[in-house]
Amino acid sequence: MNSIKNVPARVLSRRPGHSLEAEREQFDKTQAISISKAINTQEAPVKEKHARRIILGTHHEKGAFTFWSYAIGLPLPSSSILSWKFCHVLHKVLRDGHPNVLHDCQRYRSNIREIGDLWGHLHDRYGQLVTIYTKLLLTKISFHLKHPQFPAGLEVTDEVLEKAAGTDVNNIFQLTVEMFDYMDCELKLSESVFRQLNTAIAVSQMSSGQCRLAPLIQVIQDCSHLYHYTVKLMFKLHSCLPADTLQGHRDRFHEQFHSLRNFFRRASDMLYFKRLIQIPRLPEGPPNFLRASALAEHIKPVVVIPEEAPEDEEPENLIEISTGPPPGEPAVAADLFEQTFGPPNGSVKDDRDFQIESLKREVETLRTELDKIKLEAQRYISQLKGQVNALEAELEEQRKQKQKALVDNEQLRHELAQLRAAQLEGERNQGLREEAEKKASATEARYSKLKEKHSELINTHAELLRKNADTAKQLTVTQQSQEEVARVKEQLAFQVEQVKRESEMKLEEQSDQLEKLKREVEAKAGELVRVQEALSCTEQSRSELSSRLEVLSAEKDTLSSVLRQREADLLAAQSLVRDKEEALSQEQQRSSRESGELQGRLADKESQERGLQQRLLDEQFAMLRGTAAEAKRILQDAVGKLDDPLHLRCTSSPDYLVSRAQAALDTVSALEEGHAQYLTSRADASALVAALTRFSHLAADTIVHGSATSHLAPTDPADRLVDTCRECGARALELVGQLQDQQALLQAQPGLVRSPLQGILQLGQELKPKSLDVRQEELGAMVDKEMAATSAAIEDAVRRIEDMMNQARHASSGVKLEVNERILNSCTDLMKAIRLLVTTSTSLQKEIVESGRGAATQQEFYAKNSRWTEGLISASKAVGWGATQLVESADKVVLHTGKYEELIVCSHEIAASTAQLVAASKVKASKHSPHLSRLQECSRAVNEMAANVVASTKSGQEQVEDRDTMDFSGLSLIKLKKQEMETQVRVLELEKTLEVERVRLGELRKQHYMLAGPAGTPGEEEPSRPSAAPRSGTSKKPPLAQKPSVAPRQDHQLDKKDGSYAAQLLNY
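Definitions and limits used
- Residues numbered from 1 in each chain as written.
- Predicted model: local features only at pLDDT ≥ 70, side-chain atom pairs only at ≥ 80, totals over all residues.
- Heavy atoms only, no water.
- Helix = DSSP H or I, 4+ residues; strand = E, 2+ residues; numbered from the N terminus.
- Buried < 20%, exposed > 50% of the residue type's maximum accessible area, 1.4 Å probe, protein only.
- Contact = heavy atoms within 4.5 Å.
- Expected span 1.5 Å × (residues − 1).
- Polar contact = N/O pair within 3.5 Å; in protein donor to acceptor, adjacent residues only side chain to side chain.
- Salt bridge = Lys/Arg side-chain N within 4 Å of Asp/Glu carboxyl O.
- Core = buried A, V, L, I, M, F, W, Y, C linked by side-chain atoms within 4.5 Å.
- Axes fitted to C-alpha atoms, helices over the stretch in contact; angles between N-to-C directions.
- Parallel < 35°, antiparallel > 145°, perpendicular 65-115°, else oblique.
- Left-handed = near helix turned anticlockwise from the far one by under 90°.
- Phe/Tyr/Trp six-rings, centres within 6.5 Å; stacked < 30°, edge-to-face > 60°.
- Lys NZ or Arg CZ within 6 Å of the ring centre and 35° of its normal.
- Nonpolar A, V, L, I, M, F, W, Y, C, P; charged D, E, K, R; others polar.
- Disulfide = S-S within 2.5 Å.
- pLDDT = per-residue confidence, 0-100.

## Some details on the overall build of the protein chain
Here is step 1 of the chain: Looking only at helices and strands, the protein chain features 30 helices and zero strands.
Here is step 2 of the chain: Of all 1068 residues assigned to the protein chain, the portion counted as buried reaches 38%.
Here is step 3 of the chain: Nonlocal contacts in the protein chain, meaning residues at least 24 apart in sequence, comprise 81% of its contacts between residues at least 6 apart.

Listed below in structure tokens is the structure:
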């Protein structure tokens, strides 16, 4: 337990003169003891008796100067439990202490904030609660200093709340926001306490749990008042401002409502709170601020603190007065008396001694009876207070009913105004009568409800009168007990006086004992006086209750008069309904006459509409018939061209015929859709007309170009093409003729034209030239030449690499010589592997030719498989070109004029070209051919050698390049940061450049693919028109230094598993 050893000098300096010095010292001592016992490091709740003495001390000195003088000396930073209990005591002092406590605490705001900040930086469970509690205390002090109308206990009447809010909507808005902030701090503290209880598995009956839960009693008291005030202010705001403006307020209130309801529910379930506080229950849902009448349904939550029985505690009076001698003291006093004066009457007790003892016993008996009377009086007072609270709640309920009746009155007035407006407007339909009947029934229902409310008010009034009588009886019993106490007091005083007269001749010691008894009796008399004052307060509350009952009676009379007025309004409304019914009957007759006239007009309009509809149908069919006639003439003209001798000179290509036939086929589907749409709705023939127009033109164009194409075709295909064109024209003319007749229009089948058009399309595709032929001797010789040229290029590359190696040995030394030798050796190995691959491919090619040509010659086999031959030639060119490029790149690298990356790319290109050559050879080879197996092994070897070239190039590049070590010794923090930012900028620029180059590489590959596809073999040209005889053409190869047309490769990574590159082959 923390004790305050030294009294501050400031307290001593404020003590009055000699007359009050002892009392002041005793007061300071008592306050110091109470503060040290209330605020200690024990994990137990603050005892109520110590907190009560501290609060009484603030009322005694009209401030909290003494409290803060001792509180500052407490070692709060050393213990979080000590700080937690200090905040609890300070909260109780703010709520129940003298009003000047608020101003004294304002001067110590910095101390409170420092305590919260200190424990907020430490990871302590109580420390976290202390941080939240100090924020709540600071918010409480600021709020009550800004709004002095609200005491620290937050208990004000609705009139004071209205006065504090004022009439300015801005002030009401700001006050509501501040109360929301206040409530947030309270709820945050409760949530933190419950969260720690859950995690610590604490219950409310353990001292550790009670230490945390004790401050929530003050939080519950504050929250009940804040909730009531925010509801009142929110309804007032909604009466002044639109609902959209207050959407944020409503959302915040709903969130606080659910948190507060959950807090009250959890607290009411704990045994610790059930014996200390009566927690109110909130409604299931928040109030509906959009409905003004919902204010009448709001019930103010009332928190009741039951009166506690006086605790058995040792008294700590301001003046130390012992009620009696200790157990061993009477014997000692008797021994001293006998030693001084000898035993009275020779060791025989006098009658007066017996009387004194009997009086003492009677005093003890009276003392116990007095205690019982005090307990009984306190119980009566608590019961009366509970009854007063119940009566106040009932009175509040009556006020709500009155307000609800006023709201109903306003609704009736509003409905009456609506009825009068309906009379002026004179609505002309039958629905008004039904609505009036509904309103009349609703009015009758409200009238019955008002009657029921009136009877309920009468019953409530009678119940209140009966309760008033019971209260009066209880007050009478209390007065009787008070009179009995007075009689006991008089008897006790008389007996004390008698004992005093009889003991005057006693010794001084006996007189002192009697004086002590007298002082005790006077103290009991003071307690009786206080009981009488409590009873007088009860009498005053009774008078206030009587006045409230009178006010309630006056309100009852007012409601009765209002009820009578509503009955008169109801009668007036019923008469108005009858007038409305007569007006409605007249309006109904007039509306029936007008409806007859309108029906006649409607019949005329319908006949006119039918005539216009028929006219529209005739015009649409006339337009369709005209279009069909024109289409018939176009088709007849096209069919006539088939037998026209002047048309024999006209020619056309099969490609153009195919395009025309395909376009005509596409229009057949549109023609079918237009025909079906016209059959569904005859009023719209636009789709059919458009489709028929396009079909007639395209079909005629197809027939004409079919005839022109047949002039250059062989005899049999030409005859079949002409017959198909005639059939197409006949079916098209038949379809057009059906479309001109309304009866035959339904049986028309546009899909019958599709089959002859498809026949024309098929014949045109058969007449298209397949490919250009090349002379057999040229194609066969070209394969041998390209393979020989590839072998020669590889041999030349090997020789050039050996020459470069010799030059490098004479021109360089050291690391560069080692790097160059390693690169050239890997290139030499790669060329040897490629040479072996080409030789094996040549052997496999000869095997393919010998096994597949049969009786034909080698040139005839190549001509027959021209596509495969062209792919083989392209692959051979690519291998030779790649070898040349690899030698040139290696030469540049050795001479330090080229880049290592060029050598890596050339290696990838060679590997891809050899993979293309292997794939071209593999197409025609047998799966069990030994040459194919050797070719695949050679392909794997080429891939390994290419990987060695790439590896040696990268390692040589890393070995040759100078890598400067970074020196940061002379750089400051700012320079380092600047260089870091510049490096980040450079990295972003390089990444952007890399992305752009990758996009460019993709476009280049795409364009390469497009150019390589149609190019095929260099030197080919598209014919201007088909010819029956093959045309010769020349095929030119590019020089070895020029890269041939090779398909783009999607992946340049070596695959050592199957020994081949992924590549696309063209023209075979």
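## Notes on helix α5 (residues 80–96)
In an α-helix, one turn spans 3.6 residues, which is why side chains three or four residues apart end up on the same side.
Here is step 1 of the chain: A rise of 1.5 Å per residue sets the reference length of α5, with its 17 residues, at 24 Å; its end C-alpha atoms lie 24 Å apart and thus fit the reference within 8%.
Here is step 2 of the chain: α5 sits mainly inside the fold: 16 of its 17 residues count as buried.
Here is step 3 of the chain: The N-capping residue of α5, defined by a side-chain oxygen 3.5 Å from the backbone nitrogen of I81, is S79.

## Topic: unusual backbone geometry
Here is step 1 of the chain: Despite not being glycine, K62 shows a phi value in the positive range, around 60°.
Here is step 2 of the chain: Residue class for K62 comes out exposed when judged on its relative accessible area of 53%.

## Examining the pattern of salt bridges
Between side chains of opposite charge, a pair can form as their charged atoms come close.
Here is step 1 of the chain: Counted by the stated rule, this structure contains 24 salt bridges.
Here is step 2 of the chain: Ionic pairing is found between E672 and R754, a salt bridge with its closest N-O pair at 3.4 Å. With a gap of 82 residues between them, E672 in helix α19 (residues 654–680) and R754 in helix α23 (residues 754–767) connect regions that are remote in the sequence.
Here is step 3 of the chain: Assessed through its relative accessible area of 29%, E672 is described here as partly exposed.
Here is step 4 of the chain: Taken together, the salt bridges that share partners define one network made up of R24, D28 and E61.

## Some remarks on the side chain of N40
Here is step 1 of the chain: If you trace the backbone, N40 turns up in the loop between α2 (18–38) and α3 (48–61).
Here is step 2 of the chain: Reaching out from N40, the side chain makes a polar contact with the backbone oxygen of K37 at a distance of 2.8 Å.
Here is step 3 of the chain: A polar contact of 3.3 Å, which involves the side chain of N40, links it to the backbone nitrogen of Q42.

## Notes on the nonpolar core
Here is step 1 of the chain: Formed by 91 residues in total, the largest nonpolar core has its most connected members in F67, W68, F86, F263 and F273.
Here is step 2 of the chain: Per-element tally for this core: the top contributor is helix α12 (residues 216–240), with 13 residues.
Here is step 3 of the chain: The contact partners of F273, leaving out residues within four places of it in the chain, are L213, L216, I217, I220, A267 and I279.

## Considering the side chain of K140
Here is step 1 of the chain: Along the chain, the position of K140 falls in helix α8 (residues 125–146).
Here is step 2 of the chain: Given the relative accessible area of 1%, K140 is considered buried.
Here is step 3 of the chain: Within polar-contact distance, the side chain of K140 engages the side chain of D222 at 3.4 Å.
Here is step 4 of the chain: With sequence-adjacent residues up to four places away left out, K140 is seen in contact with H91, L94, R95, A152, Y182 and D222.

## Observations regarding the packing of helix α7 (residues 109–120) against α8
Here is step 1 of the chain: As a packed pair, α7 and α8 sit with axes 7 Å apart at the nearest point and diverge in direction by 155°. On the basis of their axis angle, the class for α7 and α8 is roughly antiparallel. Viewed along their axes, α7 and α8 form a crossing whose handedness is left-handed. On α8, the residues touching R109, I112, R113, I115, G116, W119 and G120 of α7 are G127, Q128, V130, T131, T134, L138, I141 and S142.

## Some details on the packing of aromatic side chains
Here is step 1 of the chain: Under the counting rule described, the total for this entry stands at 17 aromatic pairs.
Here is step 2 of the chain: With centroids separated by 5.7 Å and ring planes inclined at 45°, the aromatic side chains of F263 and F264 adopt a geometry described as tilted.
Here is step 3 of the chain: Given a relative accessible area of 3%, F263 falls into the buried group.
Here is step 4 of the chain: For the ring pair Y272 and F273, a centre distance of 5.4 Å and an interplane angle of 70° mean the geometry is edge-to-face. Considered together, Y272 and F273 belong to a single accessibility category, that of buried residues.
Here is step 5 of the chain: Site record: aromatic cluster; members linked through ring pairs are Y227, F235, F253, F257 and F289.
Here is step 6 of the chain: For the cation-ring pair, R212 lies above Y126, with the distance from its terminal atom to the ring centre recorded as 4.4 Å.
Here is step 7 of the chain: The positively charged end of R266 is found above the aromatic ring belonging to F194, 4.4 Å away from the centroid.

## Comments concerning the packing of helix α21 (residues 715–739) against α23
Here is step 1 of the chain: Running from N to C, α21 and α23 cross one another at 155°; their axes reach a closest spacing of 8 Å. Considered as vectors, α21 and α23 are oriented roughly antiparallel to each other. For the element pair α21 and α23, the recorded crossing hand is left-handed. In contact with P717, R720, L721, T724, C725, E727, C728 and R731 of α21, α23 contributes S755, P756, L757, G759, I760, L763, E766 and L767.
Here is step 2 of the chain: Here the contact of α21 with α23 is built from residues that sort into nine nonpolar, three polar and four charged.

## Section: the environment of T842
Here is step 1 of the chain: Within the secondary structure layout, T842 lies in helix α25 (residues 814–852).
Here is step 2 of the chain: Each C-alpha atom of the pair T842 and M787 lies 7.3 Å from the other, and the pair is 55 residues apart in sequence.

## A short note on the state of the cysteines
Here is step 1 of the chain: A full pass over the atoms with the stated rule returns zero disulfides.
Here is step 2 of the chain: We note that C906 lacks a disulfide partner, and the nearest cysteine sulfur, in C827, lies 9.3 Å from it.

## As for the environment of D701
Here is step 1 of the chain: Within the secondary structure layout, D701 lies in helix α20 (residues 686–710).
Here is step 2 of the chain: D701 sits 40 residues away from A661 along the chain, and the two C-alpha atoms are 8.6 Å apart.
Here is step 3 of the chain: Non-local contacts of D701, meaning those with residues more than four positions away in its chain, are made with Y656 and R660.

## Some details on the confidence of the model for the protein chain
Here is step 1 of the chain: Summary statistics for the protein chain give a mean pLDDT of 76 and a share of 80% for residues scoring 70 or more.
Here is step 2 of the chain: Predicted confidence for residues 309–348 stays below pLDDT 50, and this span has 28 contacts to residues more than four positions away or in other chains.
Here is step 3 of the chain: Confidence drops under pLDDT 50 across residues 771–776; counting only partners more than four residues distant or on other chains, this segment forms ten contacts.

## Considerations on the environment of A912
Here is step 1 of the chain: With respect to the helices and strands, A912 occurs in helix α28 (residues 900–924).
Here is step 2 of the chain: Along the primary structure A912 and G882 are separated by 30 residues, whereas in three dimensions their C-alpha atoms are 9.4 Å apart.

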